[in-house]
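# Coordinate analysis (summary)
Single-letter residue listing:
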Amino acid sequence: MVTMGTVKTLLTFEEFEQLPDQPGKQELVRGELIELPPANYNHHVVAHRIYKGIDAAIERAHSRGEAPELGAAFHEMGYLLLGKNWLQPDVSVTHAGQAVEKYLIGGPAIAIEVISPSNTAKRIAVKTELYFECGALEVWCFFPKTKRVSIQVPGSVREIAADGFITMLLLPGLMLSVKEIFGD
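So, a few notes on the structure that sits alongside this text. Please read all numbers here as calculations on a predicted model, not as lab measurements.

Looking only at helices and strands, one finds four helices and 15 strands in the chain. Its C-alpha atoms give the chain principal-axis dimensions of about 50 × 35 × 30 Å. Across the 184 residues that make up the chain, the buried fraction comes to 43%. Considering only contacts within the chain whose residues lie at least 6 apart along the sequence, 51% involve residues at least 24 apart. When the accessible surface of the chain is split by element, carbon and sulfur atoms take 57% of a total near 9,700 Å². Within the chain, one finds 17 positive and 22 negative side-chain charges whose respective centroids are separated by 6 Å.

Next comes the structure, spelled out in structure tokens:
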């Protein structure tokens, strides 16, 4: 693969898996190694607030016998997609009974990304496409800079402003305040 005169080395998942640990996050997208700098404190705080709200809502829904298609919420869990992609959303919800070998196989039911300055629109679009190709039901993007949230389902996007609330049919009882997630 040649881009703008620069040759990019593509990796197999097996090669990716053997890379040394380092600060920041590494993902494999269509064979290309994506390295992101360590996330800052506010990024982690936003992700943690999202995780706590979703985890509690899943627990409540499951206790009522609702949301049977959803599994568990995770923070920074990695997913092996199509055998050659490794994505690690900031927060995710698995499918109920999602395949697990050495890693979770296939896309999460819900992938949630907190968008950092190092993310590009193109990179987020490619990741979103991969999540949906591999079984995701929803992809959420939180934009700290503009204090808004984008929730995508196949075929449509819903934008939620800073004064709005996140609700969803998949998870009855979920109501996350965008303002509270961002700490305003």
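Now, onward.
Looking now at helix α2 (residues 41–63). Taking 1.5 Å of rise per residue, 23 residues should cover 33 Å, and α2 covers 33 Å from first to last C-alpha, within 8% of that figure. Where α2 is concerned, the buried positions are His43, Val46, Ala47, Ile50, Gly53, Ile54, Ala57, Ile58 and Ala61. Contact partners of the buried residues in α2: β5 (70–75), β8 (91–95), β10 (110–114), β11 (138–143), β15 (176–177) and α4 (178–182). Measuring from the backbone nitrogen of Asn42 back to the side-chain oxygen at the start of α2 gives 3.1 Å, which picks out Asn40 as the cap. Of the residues flanking the end of α2, it is Gly65, one or two places downstream, whose phi is positive at about 80°.

Rules behind the numbers
Residues numbered from 1 in each chain as written. Predicted model: local features only at pLDDT ≥ 70, side-chain atom pairs only at ≥ 80, totals over all residues. Heavy atoms only, no water. Helix = DSSP H or I, 4+ residues; strand = E, 2+ residues; numbered from the N terminus. Buried < 20%, exposed > 50% of the residue type's maximum accessible area, 1.4 Å probe, protein only. Contact = heavy atoms within 4.5 Å. Areas by Shrake-Rupley, 256 points an atom, 1.4 Å probe, with all protein chains shown as cover. Lys, Arg positive; Asp, Glu negative; His and termini not counted. Charge placed at Lys NZ, Arg CZ, Asp CG, Glu CD. Expected span 1.5 Å × (residues − 1). Polar contact = N/O pair within 3.5 Å; in protein donor to acceptor, adjacent residues only side chain to side chain.

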